[in-house]
Amino acid sequence: MKQEIFINSTPQESRIAIMEDGLLAEFLIERKEERGIAGNIYKGKVARVLPGMQAAFIEIGMDKAGFLHASDFYEVPEDVQIIEGPAESEGGDESDGELEESEEDAEEEVKRPAPKRQHLSRRLPLEKRLSRGEDILVQVAKDPLGTKGARVTSHISLPGRYMVFMPGTKHIGISRRIESEEERKRLKEIAQNMGTSHGGFILRTACEGRSKREIQRDLAFLARLWKGIQKKAAGAPAPALIHQDLDLITRTIRDFFTTDTERVAIDSAKDHKRIIDFVHHFMPRLKSKIEPHEDKTPIFDSQGIEEKITKALERRVWLRSGGYLIIERTEALTAVDVNTGRFVGKRNQEETILKTNMEAVQEVVRQLRLRNVGGIIIIDFIDMEKEANRKKVYDALREALKKDKARTNILKISELGLIEMTRQRSRESLENQLLSPCPHCEGRGKVKSPVTVAYDILRAIEKQQASFEAGKNVIVRMHPDIANFLYDDRSKSLDNLEDEIDHKIIIKVSAELRHEQYEISTS
């Protein structure tokens, strides 16, 4: 697979396009004023402890206090080495999306000998372990949303190039996404011979094929970073920002830039130098693949990316065979409908349907990644009569989802021919990032028909007739489409209403009014 990364950087925002075989696979955007705080580490101060909820509010210097649940807090006695349980306990569903690929999809591989764990603090209620005014080091697991403050945790995680470092634990794990038993054995041996007194770690999928020296260098860097965080926290008054997570550009280089990447092109000289410096520390052999974009044509235009982004916001997605997908998002779920469209096949209907469904599988997975669709997803493939064909489509979907960094869960095809699945929410969907609700239809996606609006106006005039002065004309301003309908109305509704209310109704056209807007006055 040919992978290329194109970066458009301005003082206002950073936009990143990840191309796979010439297709837009992922589009990432970070606006400077909207940059999230997930992953940041703060020295906070306990503002309030809620015994009934087993939670606490932590002041971290933001408008709203952070929310800390008892399950996200534990004390680490200085003289006790901790052996953590399964990796899932490290992050939970609320972890930052960038860590979940490692934390949620990792399994315990090595446990170092250590004194027996003390469980006393876990059994004590939160109000016995935290008190108001106490300082505490926390990491933001989830950005503030709406009226809610940030979700915070005392389970600190520092993601690196090849691992997620976890201070305060002795857990060592390997990502489940590394499937080769031979590679897992090699990495396990490396992990057993590595270690630090500062914490445990989980090896990410990026470790696959990497040398022991490269992995050790990542661990040493993260251990030094943690020491620096501890030192800064010790001298800072709470609340204070102690460590800020990487920005979008450096996160993308860390997580996506590999030996398989053909090139990284960026149109900002400042960020080009910054990337070179970053890569020099983590992966010096790849520096030659980073190039500045010096052409006068904007980088996204030169690669046809702007057009691809526009298409990624459309409901209908065409398949090469002539079939198409319809993608509908609602508050509860996302529905994907597969249709044969113009594709009629060459032999029989079942073969045509199977071919369309198999092609749709690849496009569905690509669209989910590109649009960053999270939550519940229902895929309505075209009905197939043969069980063997349904299994082919299901297996193909499972295989295609392995390329997706987001955690997914897929169920068998239902009796109605639907596939239900979930996809991890790691960041805002592309639709939510780039679009806002339509002010004309108020986000419904449709507006009232001319006849519906016209009759709404007639009823409104009838309701207000008691307030009209005798001898006055009723003036109605409306959108041109509605006026045209009333003029052409064969039932002569306007004439009948004039007779009923005993007032002349004068229509005035106003293109400034929205489709459903109108104004009634008298003169």
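Fair warning: this is a prediction, and the values are worked out from it, not measured in the lab. (Residues numbered from 1 in each chain as written. Predicted model: local features only at pLDDT ≥ 70, side-chain atom pairs only at ≥ 80, totals over all residues. Heavy atoms only, no water.)

Draft legend 1. The overall build of the protein chain, seen in detail. In terms of helices and strands, the protein chain carries 16 helices and 25 strands. Burial statistics for the protein chain: of 523 residues in total, 47% are counted as buried. For the protein chain, the accessible area works out to roughly 27500 Å², and carbon and sulfur atoms hold 49% of it. (Helix = DSSP H or I, 4+ residues; strand = E, 2+ residues; numbered from the N terminus. Buried < 20%, exposed > 50% of the residue type's maximum accessible area, 1.4 Å probe, protein only. Areas by Shrake-Rupley, 256 points an atom, 1.4 Å probe, with all protein chains shown as cover.)

Draft legend 2. View of the sheet that holds strand S25 (residues 518–522). Here we have three strands laid out as an open sheet, ordered S24-S23-S25, and mixed in their pairing. Lying at the two open borders of the sheet, with one neighbouring strand each, are strand S24 (505–509) and S25. In this sheet, neighbouring strand axes are inclined to one another by 20° on average, regardless of whether the strands run parallel or antiparallel. With five bridges joining them, strand S23 (residues 474–478) and S24 adopt parallel strand pairing. By the bridge assignment, Ile475 is partnered in S24 with Ile506. Sheet contacts for helix H14 (residues 450–464): S23, S24 and S25; angle to S25, the most-contacted strand, approximately 30°. Against the sheet, helix H16 (residues 493–501) makes contact with S23 and S24, and its axis sits at roughly 135° relative to S24, the strand it touches most. (Pairing = 2+ DSSP bridges. Axes fitted to C-alpha atoms, helices over the stretch in contact; angles between N-to-C directions. Contact = heavy atoms within 4.5 Å.)

Draft legend 3. Quick look at helix H15 (residues 480–488). Along H15, the residues that are buried comprise Ile482, Ala483 and Leu486. Projected down its long axis, H15 shows its buried positions confined to an angular sector of 100°, all on one face. Projecting away from the buried face of H15 at angles above 90 degrees are the exposed residues Tyr487 and Asp488. On its buried face, H15 is in contact with H14, S23 and S24. (Arc of directions from axis to C-beta.)

Draft legend 4. Spotlight on the pattern of salt bridges. Overall, the coordinates contain 32 salt bridges when judged by the stated rule. Asp72 is the partner of Arg151 in a salt bridge, and the nearest nitrogen-oxygen pair spans 2.9 Å. Remark: Asp72 occurs in the loop between strand S6 (66–69) and helix H1 (88–91) and Arg151 occurs in strand S9 (residues 151–153); sequence separation between them is 79 residues. For Asp72, a relative accessible area of 12% corresponds to the buried category. Glu179 is the salt-bridge partner of Lys402, the closest N and O atoms lying 3.6 Å from each other. Linking Lys402 in the loop between helix H12 (387–400) and strand S21 (408–410) with Glu179 in the loop between strand S12 (171–175) and helix H5 (181–192), this pair joins segments that are 223 residues apart in sequence. Sharing partners across several salt bridges, the network here consists of Glu13, Arg15, Arg31 and Glu306. (Salt bridge = Lys/Arg side-chain N within 4 Å of Asp/Glu carboxyl O.)

Draft legend 5. Layout of the nonpolar core. Membership of the largest hydrophobic core comes to 28 residues, with the highest contact counts inside it found for Leu325, Ile379, Phe381 and Leu397. Elements supplying a minimum of two residues to this core: strand S18 (324–329), strand S19 (333–339), helix H11 (349–371), strand S20 (375–380), H12 and strand S22 (418–423). Counting residues per element, this core draws most heavily on H11, which supplies seven residues. Ignoring sequence-local partners within four residues, the contact set of Ile379 consists of Val336, Val338, Val364, Leu397, Gly417, Leu418, Ile419 and Met421. Listed in part, the 25 residues of the second largest apolar core include Ile156, Leu187, Leu203 and Cys207. (Core = buried A, V, L, I, M, F, W, Y, C linked by side-chain atoms within 4.5 Å.)

Draft legend 6. Looking closely at the packing of aromatic side chains. By the definition in use, this model includes four aromatic pairs. Aromatic pair Phe57 and Phe67: ring centres 5.8 Å apart, planes at 65°, arrangement edge-to-face. On the criterion of sequence distance, the pair formed by Phe57 in strand S5 (residues 55–59) and Phe67 in strand S6 is long-range, its members being ten residues apart. (Phe/Tyr/Trp six-rings, centres within 6.5 Å; stacked < 30°, edge-to-face > 60°.)

Draft legend 7. Local environment of the pairing of strand S11 (residues 163–167). The buried fraction of S11 amounts to five of the five residues, a majority that puts the element mostly inside the structure. Where burial is concerned, the two faces of S11 agree: the one with Met163, Phe165 and Pro167 and the one with Val164 and Met166 are both buried. As paired strands, strand S10 (residues 158–159) and S11 are joined by two bridges and run antiparallel to one another. Looking across to S11, one finds that Pro159 is bridged to Val164.

Draft legend 8. Up close: unusual backbone geometry. Here the bond from Ala238 into Pro239 is cis, since omega is 0°, no more than 30 degrees from zero. The phi angle at Gln54 is positive, at roughly 50°, despite the residue not being glycine. Looking at the element boundaries, Gln54 is found in the loop between strand S4 (41–50) and S5. In this structure, Asp502 is a non-glycine residue whose phi angle is positive, near 60°. Following the sequence through the fold, Asp502 ends up in the loop between H16 and S24. Take Asp502: its relative accessible area is 67%, and that puts it in the exposed class.

None of the figures reported here should be taken as evidence of function without further support.
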